[in-house]
Amino acid sequence: MTDASYTTETAETSFLRRWMRVLGSVAQRPSGAIGLTLVAVHIIVAIISPWIVPYDTVALSADEILAPPSSIHLLGTDSLGRDVFSRVLEGGRQALIVCGIATPLSMLWGGLLGIYLGLRGGWLDDIVMRLVDAVLSLPGILPLMVVVVIIDGGNLVLTITLAVLFGIPVIRVVRAAAQAVAARDFVLAARARGHSRRNIMWRELLPNVLDVLMVEGAMRLSWMLLSFSALSFLGYGVAPPTPDWGQDISEARVFMSLAPWGVLGPMFALSTLIIGVNLTADALAKALGLDRAQRAVV
Amino acid sequence: MFELIVKRLFLGLVTVWLVSVVIFLGIEALPGDACTAHLERDAQGELLENCREKLGLEKPAFARYMDWASAAITGDLGVSIDGQTKITSEVALRVKNSILLAAGALSVGVPLAVFLGVIAGLWRDRFPDLFISTAAIFAMTIPEFVSATILVLIFSIWLGWLPAVVLTPADAPALEFFPEFVPATIVLTLVMVAHIMRMVRSSVIEVMAGEFVQMATLKGVPYWRIVVRHALPSALLPAINVVALTVAWLLGGVVVVEVVFNYPGLGRMMIDAISDRDLPVVQAITLLVAATYVVINLAADMAGILLNPRLRTQLGRR
Amino acid sequence: MAAKAIIDVKDLSIGFTASGGIIKEVLCDINLQVCRGETVGLVGESGSGKSTLALAAMGFLKPGLRKLKGDVRFDGDDVFAMSVRQLEKIRGGKLGLIPQNSGQALTPTMRIGKQLCEAIALHCDVPSAECALRAEDLLGQVQLPDVKAIMKRFPHELSGGQQQRVAIAMALAGEPEALVLDEPTTGLDVTTQIHILDLLRDLAAERNMAMVLVSHDLGVIARCCNRVAVMYGGKVLLDDSAKQVLCAPKHDYAKELLEATPKIMPVGKANGQSISADAPEVLALDDLALCYRRTGFFERLLGRDEAPMTVEGVSLKLAKGETLGLVGESGSGKSTILRAIAGILSPEKGKINVAGEPLPPVIDKRSSQELRRIQMIFQNPDEALNPRQSVVQILTQPLQLYFGITGDAARQRAAEMLERVRLPAEYLDRLPGQLSGGEKQRLAVARAFIAEPEIVLCDEVTSALDVSVQATVMELLQDLKRERKTTYVFVSHDLAVVQQLADQIVVLKQGRICEAGSVDQVYGNPSHPYTKKLFEAVLEPEPV
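All of these numbers come straight from a predicted model, not from anything done at the bench.

Calculation rules
- Within each chain, residue numbers correspond to sequence positions counted from 1 in written order.
- All chains are assigned letters beginning at A, and all ligands numbers beginning at 1, according to the order in which they are written.
- In keeping with the model being predicted, local features are shown solely for residues with a pLDDT of at least 70 and side-chain atom pairs are shown and tallied solely at 80 or more, while totals for entire chains, interfaces and linings include all residues.
- For the purposes of this analysis, a nonpolar core is taken to be any set of buried Ala, Val, Leu, Ile, Met, Phe, Trp, Tyr and Cys residues that are connected through C-beta atoms within 7 Å.
- Comment: burial labels come from other C-beta atoms within 10 Å of the residue's own C-beta, placed from the backbone, where a count of 20 or more is buried, 12 or fewer is exposed, and between is partly exposed.
- Whether two residues are in contact depends on their C-beta atoms, placed from the backbone: they are in contact if these lie within 7 Å.
- Working convention: axes come from line fits to C-alpha atoms, limited for helices to the stretch in contact. Angles between N-to-C directions cover 0 to 180 degrees.
- A run of H or I in DSSP counts as a helix once it spans at least four residues, and a run of E counts as a strand once it spans at least two, with each numbered from the N terminus.
- Any angle that is under 35 degrees is reported as roughly parallel, and any over 145 degrees as roughly antiparallel; angles of 65 to 115 degrees are reported as roughly perpendicular and all others as oblique.
- Here is the rule for handedness: rotate from the far helix to the near one, and if that takes an anticlockwise turn smaller than a right angle the crossing is left-handed, while a clockwise turn gives right-handed.
- Note on residue classes: Ala, Val, Leu, Ile, Met, Phe, Trp, Tyr, Cys and Pro are nonpolar, Asp, Glu, Lys and Arg are charged, and everything else, Gly too, is polar.
- Per-residue confidence from the prediction method is given by pLDDT, with values spanning 0 to 100.
- Residue count minus one, scaled by 1.5 Å, sets the expected span of a helix.
- The term bend refers to the angle at a residue between two fitted axes, each drawn through seven residues, those ending there and those starting there.
- A strand pair is defined by DSSP finding two or more bridges across the two strands.

Caption draft 1: Spotlight on the nonpolar core. Ala57, Val212 and Val489 of chain C are the most contacted members of the largest nonpolar core, which has 340 residues in total. Those residues in contact with Ala57 of chain C that sit more than four places away from it in its chain are Ile7, Val9, Val72, Val180 and Val212 of chain C.

And the structure:
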């Protein structure tokens, strides 16, 4: 299409400007500032860790088993003599890569389907929402575990499964938001003018549902990291010996009374990442005025 | 109103039926079948054929679904893949244990969460709220296995006050799990309190900012009377649904905590079945937990309808 | 003034701290005295601070606001210096409040009887056994029927008018000497409004109460008040007797306000536009019947989707350049008819003809040209404009859709249209949120007219706007109509507004036409009793 010259251009700049402003006001809140910092540090560490780790994360050392923290091994060594500090530095990579890809995917398909159903309504909406209800009633991480155990496909399968499963609650949330927008007069006006459904989804609904989708995405990322680490803790996540916090915690728990440093390091790293994502999501909801309590008072 | 309750019940039934279809199709969609999954590398020749014959896998999918579903309705969840255990009786034991755990967490957690939520909501953005809300974020986000590990490290290993794992067998009477189930209860309570408390807090803030609270103030009603008589009935109604979600979660989703503390509940059974690649057991437990979830949410909906005068008459009129 | 004022506001300023530590004043040096037996009207447009002042009289400030200087005395005592205890005693006791929206202001989880008894028990020394009797007595005083049944109801089970009466009874429970009324009839139908106002006036006289009545509507003020204070931007511009303010205001702003307020004109004077008899027919509705079906999965499963008709048997004809006024109270089906013409709601029965051709009932079946011919303007511009689209996007969408004009040509057309509705071309790249209420509505008008429609459907287009803004929008519609010979279907509950624009009138009651005819005919000599009732309920801004 060649017609979009002027109008979309202005829309895009104001769109970018708006989100920069939102990011700014997230960073201004104490919770947002802490959250963004934590997330940023974790992402940077995950990217550069292969170059900064003091030791090879998978190198075994028979004479340094369960060594306490010292100047040589900052956080000591684990039951196979591997350097805990190095493994902590690299232990978040898998989680961040998998969840970092799966979250946008889940937002994309869940969000688009949600907007479509919210606008369309009718029998299709009835049926899909019943199915969504049914899937959401399945217990916790069980579907995820079953798929990962039966299909032994590593990170690719895990990413796809996470993207599919975590998109389902997104459908529900976005559909509700889209329904609310679709009931407003400007959507009615667009329908009365005779715009196509695709046009209305794209121009009228999406820009107004995007806030909800972003907050939902941030929350989903935090849940996804939780699920990923739980899976890994239970032994179905990252294949050993690749370092991963959940798995390292589970291995080090056995020697916890002898060598507590083995669990403390990865636990600290994992918790700070998830708390960081959560604080950011909270601050984002407040900055966008989507926090229920906030909205009631202002 | 009667009609609406019938309608909800019907929709609940439809959902349970859909759940069974989703579970069945989900398992069908996995590559291989229950036997190849269980036998792994040995899945060939006579062994595989015997297994398939035993489970009736030769029949078409529809017939197998009908067999499974009709048996499930009568309470027969089938046998495990090795043919050793009747799933129903084993599940019954585990359900009892899971209920014990859930009851422990709920009896402490719900009142505590409501209390904290109301306090945080009324003192919004001031000291008690900042403290409670920050603590809630930690309790909510720190993975259960991390908080469980910290708990064990401090109270079992360093202080030696609590047992680190449950050693009581699954079929022991409920009383024998005390005090072994205490650490698991504490971990679950933490997460649960955080969720319910946040919900109650925002609900209280929303209601306290409402017009009828302002009106009551300008009618000369004393503050605490406004809180208790005018605001809380509206503010606590939505909490019913969150509590229901929590109950459902406690009864089926607490895999990690049960594994960490070696607690013989439904979650443990589920994970054992998964690592044994015992699909019949997985299928049975999933159905049971999902149906429980639907029923509990249905109950919460009904309670909401009965307690909310607005919904009550709206429905009565139809 | 001989009598001692019961409410005495002196040099009162109220403000809040805005971002950057700047103190912004919401009220500025207010002086106001109200005596027993006197009703003072506070009138002004939105943002004038009238509600803030009324609530400040009760010692109440919305969160974030604080008193900067001055004081408010009630019966000699400074309300801002009172202890919480004293305030609790006065509020709802000697000083009662009747809120704007009783549907929201009554506690939804408490039965009416219980709420009333609470008010009585708090302020009167009545043994608890007698509370219920007192409550029933009060409900009787506000002329509610079947008080025993109402005592047992929840607020949402009452109609808007009944809720308002309950709120009045509640204010009377403490045997007040003064009442604060914050827009007490906004949101009520006109026929209900007049009853409530008369009840209040009688009660005030009977009990020799002082009343402060906040309203944006000079008609309401005129019905009840002895004195009027006109407010603007947090200041009292004029404080004078009602007669003076309504007949010969001594302040320019008050004069403008009075002039902008729509009034029903003597027959023949309005409009003055003649439609030539041979003008072609543009729109015809033939025996239209409409209803909203809410068919869920379950209803369809049971084969139960019968809904009562909201609108039935509506037939009418409109010539080119003619304006039809559709009037009626809320729920009379006037907006529903507009939706059917726009194609959003498909008729159960009957036909819609445009220029003699039958119009397909649903949007999907209508051609681009058929769609272009009919455009719609909505009540609330905040709802009708997408907050995430810039002005130029809003205006060029119809151009692209109907004429295939895009890019710079479209932008040019949008700028011209903007100028036509008297908005500067710089607005093109703004978002609706950066425009004022009146500007937004003019933008909505521009969006409708840029499609070069033949029929424009106006759904209560002025009722969300302040009167001064209303006047400019009406003028704009008037001009565009003359200039382009556009046919309007103009829906409004306000008879005075309709008269300014309409040639033909249709009065609707519960989805049926109860009277139709030319403006002069209907306004000059209403024949149907319901129409008569509607006219009687119109509040003119003239002293009673």
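Back to the write-up after that little detour.
Caption draft 2: Looking closely at the packing of helix H2 (residues 30–52) of chain A against helix H11 (residues 261–287) of chain A. Residue and element names in this part refer to chain A. Direction vectors running N to C along H2 and H11 enclose 135°, while the axes themselves pass 7 Å from each other. It follows that H2 is oblique to H11 by the angle criterion. By crossing handedness, the relation of H2 to H11 is classed as left-handed. On H11, the residues touching Ser31, Gly32, Ile34, Gly35, Leu36, Leu38, Val39 and His42 of H2 are Thr272, Leu273, Ile275, Gly276, Val277, Leu279, Thr280, Asp282 and Ala283. Split by residue class, the contact of H2 with H11 holds nine nonpolar, seven polar and one charged.

Caption draft 3: Focus on the confidence of the model for chain B. The predicted model of chain B averages 87 in pLDDT, with 97% of residues at 70 or higher. Interface predicted TM-score (ipTM) for the complex: 0.88; the corresponding pTM is 0.89.

Caption draft 4: Region of interest: the interface of chain C and chain A. Every contact between the two is made by 28 residues of chain C and, on the other side, 21 residues of chain A. Those elements that provide at least two residues to the side of chain C that touches chain A are helix H14 (368–373), helix H15 (381–384), helix H16 (391–403) and helix H17 (407–420) of chain C. Here the side of chain C that touches chain A takes six residues from H16 of chain C, the largest share from any one element. For the side of chain C that touches chain A, the per-class residue count stands at twelve nonpolar, ten polar and six charged.

Caption draft 5: Up close: helix H6 (residues 142–150) of chain A. With respect to burial, H6 of chain A is a largely interior element, nine of its nine residues being buried. Buried within H6 of chain A are the following residues: Leu142, Pro143, Leu144, Met145, Val146, Val147, Val148, Val149 and Ile150 of chain A. Elements that come into contact with the buried residues of H6 of chain A comprise helix H7 (154–182) and helix H9 (197–233) of chain A together with helix H1 (2–29), helix H2 (34–39), helix H13 (266–275) and helix H14 (279–307) of chain B.

Caption draft 6: Representation of the interface of chain A and chain B within the structure. At the interface, 41 residues of chain A touch 39 residues of chain B. Sorting the residues of the side of chain A that touches chain B by element identifies helix H5 (122–136), H6, H9, helix H10 (245–253), H11 and helix H12 (292–297) of chain A as the ones contributing at least two each. Of the residues forming the side of chain A that touches chain B, the biggest block, eight residues, is contributed by H11 of chain A. For the side of chain A that touches chain B, the class distribution of residues is 30 nonpolar, seven polar and four charged.

Caption draft 7: A look at H9 of chain A. Residue and element names in this part refer to chain A. Taking 1.5 Å per residue, 37 residues should reach 54 Å; H9 reaches only 46 Å between its end C-alpha atoms and comes up short. Most pronounced at Leu206, the bend in H9 amounts to some 55°, and the proline Pro207 follows within four residues. Backbone geometry just downstream of H9 places Gly235 in the positive-phi region, at approximately 95°.

Caption draft 8: Spatial organisation of the sheet that holds strand S12 (residues 311–319) of chain C. Residues and elements named next belong to chain C. A sheet is described by the order of its strands in space; here four strands give the open sequence S12-S11-S14-S15, paired in antiparallel fashion. Of all strands in the sheet, those with a lone pairing partner are S12 and strand S15 (357–358), marking the two edges. The pairing of strand S11 (residues 281–290) with S12 spans six bridges and is classified as antiparallel. The residue bridging Glu281 from the neighbouring strand is Ala319, located in S12. Docked against the sheet, helix H13 (residues 334–342) engages S11, S12 and strand S14 (349–354), running at close to 115° with respect to S11.

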